[in-house]
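Geometric and topological summary
Here are the chains, one letter per residue:
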Amino acid sequence: MLEILTGTGLAASAGLNAYIPMLAMGLLARYTEVLQLPSGWQWLSNGWVIAILTVLLAIEVVADKVPVVDHFNDVVQTLVRPTAGGLVFGAGAGSETVTVTDPAGFFTSHQWVPIVAGVVIALGVHGLKAAARPVINTTTAGFGAPVASTAEDATSVIMSIVAILLPVLVLVFGVLLVGLAVWVFQRRAAKRSERRAARAAGYQV
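The structure reproduced in this document is the subject of the present report. Every chain begins its residue count from 1, and numbering advances along the sequence as written. Totals for whole chains, interfaces and linings use every residue, but because this is a predicted model, local features are given only for residues with pLDDT of at least 70 and side-chain atom pairs only at 80 or more, for both listing and counting. With hydrogens and water excluded, all non-hydrogen atoms of the structure serve as input to the side-chain values.

Comments concerning helix α6 (residues 144-165)
This is how it is decided: The helix and strand labels rest on DSSP assignments: H or I over at least four residues marks a helix, E over at least two residues marks a strand, and numbering proceeds from the N terminus. Take the number of residues in a helix, subtract one, and multiply by 1.5 Å to get its expected span. Throughout this description, buried means an accessible area under 20% of the type-specific maximum (1.4 Å probe, protein chains only), exposed means over 50%, and partly exposed covers the range between.
Between the first and last C-alpha of α6 there are 31 Å, a value that for 22 residues agrees with the 32 Å anticipated at 1.5 Å per step. By the burial criterion, the buried members of α6 are Gly 144, Ala 145, Ala 148, Ser 149, Glu 152, Asp 153, Ser 156, Met 159, Ser 160, Val 162, Ala 163 and Ile 164.

Considering a nonpolar patch on the surface
Going by this rule: Every patch collects residues that have over 30% relative accessible area and no salt bridge, joining them within 9 Å if they carry like charges and within 5 Å if they are nonpolar side chains (Val, Leu, Ile, Met, Phe, Trp, Tyr). Residue burial considers only the protein chains on display, and all accessible areas are found by Shrake-Rupley using a 1.4 Å probe. A carboxyl oxygen of Asp or Glu within 4 Å of a side-chain nitrogen of Lys or Arg is what we treat as a salt bridge.
Judged by side-chain polarity, Val 157, Ile 158, Ile 161, Leu 165, Leu 166, Leu 169, Val 172 and Leu 176 come together as a nonpolar surface patch covering roughly 670 Å² of accessible area. Among the elements of the structure, α6 and α7 (170-204) are those that each provide at least two residues to the nonpolar patch. Top element by residues in the nonpolar patch is α6. It accounts for four residues. Looking at the element boundaries, Leu 166 is found in the loop between α6 and α7.

A few points about unusual backbone geometry
Phi is positive for Val 68, close to 75°, though the residue is something other than glycine. Positionally, Val 68 belongs in the loop between α3 (47-63) and α4 (69-93).

Regarding the environment of Leu 53
You can see Leu 53 is positioned in helix α3. Sequence separation of Leu 53 and Ile 20 is 33 residues, and the distance between their C-alpha atoms is 8.3 Å.

Digging into the packing of helix α2 (residues 19-31) against α6
To keep it simple, the criterion reads: Axis lines are fitted through C-alpha atoms, for helices just across the contact stretch, and the angle between N-to-C directions can take any value from 0 to 180 degrees. To sort the angles, those under 35 degrees are grouped as roughly parallel, those over 145 as roughly antiparallel, those from 65 to 115 as roughly perpendicular, and the leftovers as oblique. Helix crossings fall into two classes, left-handed where the near helix is turned counterclockwise from the far one by less than a right angle and right-handed where it is turned clockwise. A contact between two residues is defined here by any heavy atoms of the two lying within 4.5 Å. For this scheme, ten residues count as nonpolar: Ala, Val, Leu, Ile, Met, Phe, Trp, Tyr, Cys and Pro. Four count as charged, namely Asp, Glu, Lys and Arg, and the remainder, Gly too, count as polar.
α6 packs onto α2 with a crossing angle of 45° between their chain directions and a minimal axis gap of 9 Å. Between α2 and α6, the angle is such that the two are oblique. Crossing handedness for the pair α2 and α6: right-handed. Residues Ile 20, Pro 21, Ala 24, Met 25 and Leu 28 of α2 form the contact with α6, whose own contacting residues are Asp 153, Ser 156, Val 157, Ser 160 and Ile 164. Across the contact of α2 with α6, the residue classes break down as seven nonpolar, two polar and one charged.

This is the structure in structure tokens:
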């Protein structure tokens, strides 16, 4: 169960920012004893990989805070974030952490399952993020983009750490994401209703 929560939290984090959970895992595995990556995933703690992820994260952090640019960034990240989600779910579910001490038997007969699960989770969170951003930009005239992006980055950092150290708390983040999804769909439905009302009023004039 803890393995699933660890993988889920990391994949959801990747849906918000592809590079934060990968970088978190790489740094923790390289410089601490908190996380021990399985043999097939130790490349995440390679110095060159960490350096490349740091550069990519810097670009992502800037691009995601500029209105309009953030939309194009989300389009590009439609492939990147789910891929990262699959990687971190697979790596996280098979890692030994302070809470997961025997991950060897997890999905051993179907090792593609955690990767697919991570892709699906990250894609869902990415879709929610991409759907919420236009609503935020429209209602705040673009000024909400950097605030929302900063909150997403902070959430991704916290969720990555929580997924590794206290995976049970991933359930709390899950509830919050569901609440966000309900808000986004309600706002989008309200916007569609307003547009239909405006068109109807225009026809009557």
